[in-house]
Amino acid sequence: MYIKVTGSDAENYSISKLKIDNPNVSFGETVPENTLAEYNVFEVTETESGHNPLTQEAEEGFELKDGKWTHKWTITERSDAKEAVFADCEFKVGSELDQFAKTKGYDSIATACTYNDSAVESYAAEGAKAISMRDQMWEKLYVIRAEVDAGTRALPNSYDDIKAEMPILSWN
């Protein structure tokens, strides 16, 4: 990864862009570091931002440190973090319920629940169990959401933070 420095600003850049911006210069296949520096282009030591994309935003910047350019990340909390986290949780609860239903051959939890009124006793029992598991999962998620909304519980970073509290899906 490369950047081009103009005054106090640094922007993402590439060798391809350098060649396009300077069509009358023959740079060759590789461009030496000192030649890049003549055009204010520098290689950047890449680092990960380490942010949680559900709850945080990462703004990329660059800084010169010990003679080398490196990433400088500014991490801020997302204003919609709670909505993003719970949208992810709802998606994962729905997926887990669908996977649970598929263990008995149903297409989805919605399909499994429709068998509650079946005339076949075993199907009706599975339908009732699917409804029970569905209700328990959603109720627990909404209790957690209410606790977060009330300020009695910290916002989880992701579904993984609450997964252990969720009901265990079982046909027994």
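As a reminder, the structure under discussion sits directly above these lines.
## Quick look at the side chain of Ser108
Take Ser108: it is sitting in the loop between helix 3 (81-102) and helix 4 (109-114). Beyond its immediate sequence surroundings of up to four residues, Ser108 is in contact with Asp98 and Ala101.

## Here we look at the nonpolar core
In terms of nonpolar packing, the biggest core is built from 20 residues, with Cys89, Val93, Ile109, Leu141, Tyr159 and Met166 touching the most fellow members. Elements represented by at least two residues in this core include exactly helix 3, helix 4 and helix 5 (121-150). Considering every element that reaches this core, the biggest residue donor is helix 3, with 7 residues. In contact with Val93, not counting residues within four places along its chain, are Met137, Trp138, Leu141, Tyr159 and Met166. Counting residues in each nonpolar core, the second largest holds 7 residues, with Ile15, Leu18, Phe27 and Leu36 among its members.

## Section: the packing of helix 3 against helix 5
Helix 5 packs onto helix 3 with a crossing angle of 165 degrees between their chain directions and a minimal axis gap of 10 Å. The orientation of helix 3 with respect to helix 5, classified from their angle, is roughly antiparallel. As for the relative orientation of helix 3 and helix 5, their crossing is right-handed in sense. Seen from helix 3, the contacting residues are Lys82, Glu83, Phe86, Cys89, Glu90, Val93, Gly94, Glu96, Leu97 and Phe100; seen from helix 5, they are Met133, Arg134, Met137, Trp138, Leu141, Tyr142, Ile144, Arg145, Val148 and Asp149. When grouped by side-chain class, the residues that make up the contact of helix 3 with helix 5 number 12 nonpolar, 1 polar and 7 charged.

## Considering the environment of Ser26
Within the secondary structure, Ser26 sits in the loop between helix 1 (15-21) and helix 2 (33-38). Owing to a relative accessible area of 75%, Ser26 belongs among the exposed residues under this scheme. With 14 residues separating them along the chain, Ser26 and Asn12 place their C-alpha atoms 22 Å apart.

## Description of the pattern of salt bridges
Between side chains of opposite charge, a pair can form as their charged atoms come close. A full pass over the atoms with the stated rule returns 10 salt bridges. Taken together, the shared-partner salt bridges connect Lys82, Glu83, Arg145 and Asp149 into one network.

## Topic: the packing of aromatic side chains
As enumerated under the stated definition, the model contains 7 aromatic pairs in all. An angle of 35 degrees between the planes, with centres 6.0 Å apart, marks the rings of Phe42 and Trp69 as tilted. On the criterion of sequence distance, the pair formed by Phe42 in strand 3 (residues 41-45) and Trp69 in strand 5 (residues 68-77) is long-range, its members being 27 residues apart. Judged by its relative accessible area of 16%, Trp69 falls in the buried class.

About the cut-offs
- Within every chain, residues take consecutive numbers counted from 1 along the sequence as written.
- Reporting in this predicted model follows two pLDDT cut-offs: at least 70 for local features of residues, and 80 or more for side-chain atom pairs to be given and counted; totals over whole chains, interfaces and linings ignore these cut-offs and use all residues.
- Excluded from the side-chain calculations are hydrogens and water; all other atoms, namely the structure's heavy atoms, are used.
- Strands here mean DSSP runs of E at least two residues long; helices mean DSSP runs of H or I at least four residues long; both are numbered from the N terminus.
- Only heavy atoms enter the contact rule, under which two residues are in contact if any of them lie within 4.5 Å.
- The term nonpolar core refers to a set of buried residues drawn from Ala, Val, Leu, Ile, Met, Phe, Trp, Tyr and Cys, joined through side-chain atoms within 4.5 Å.
- Buried, partly exposed and exposed residues are distinguished by accessible area as a fraction of the type maximum, computed with a 1.4 Å probe on protein chains only: under 20%, between the cut-offs, and over 50%, respectively.
- Fitted lines through C-alpha atoms give the axes, limited to the stretch in contact for helices. The angle between two N-to-C directions lies from 0 to 180 degrees.
- Angular relationships are summarised with four words: roughly parallel below 35 degrees, roughly antiparallel beyond 145, roughly perpendicular across 65 to 115, and oblique for the angles in between.
- In a left-handed crossing the near helix is turned counterclockwise from the far helix by less than a right angle, and in a right-handed crossing that turn is clockwise.
- By the convention adopted, Pro, Cys, Tyr, Trp, Phe, Met, Ile, Leu, Val and Ala count as nonpolar, Lys, Arg, Asp and Glu as charged, and the other residues, Gly among them, as polar.
- When a carboxyl oxygen of Asp or Glu is within 4 Å of a side-chain nitrogen of Lys or Arg, the pair counts as a salt bridge.
- Only Phe, Tyr and Trp rings take part, Trp by its six-membered ring, and two of them pair if their centres are within 6.5 Å. Stacked means planes under 30 degrees apart, edge-to-face means over 60, and tilted covers everything else.

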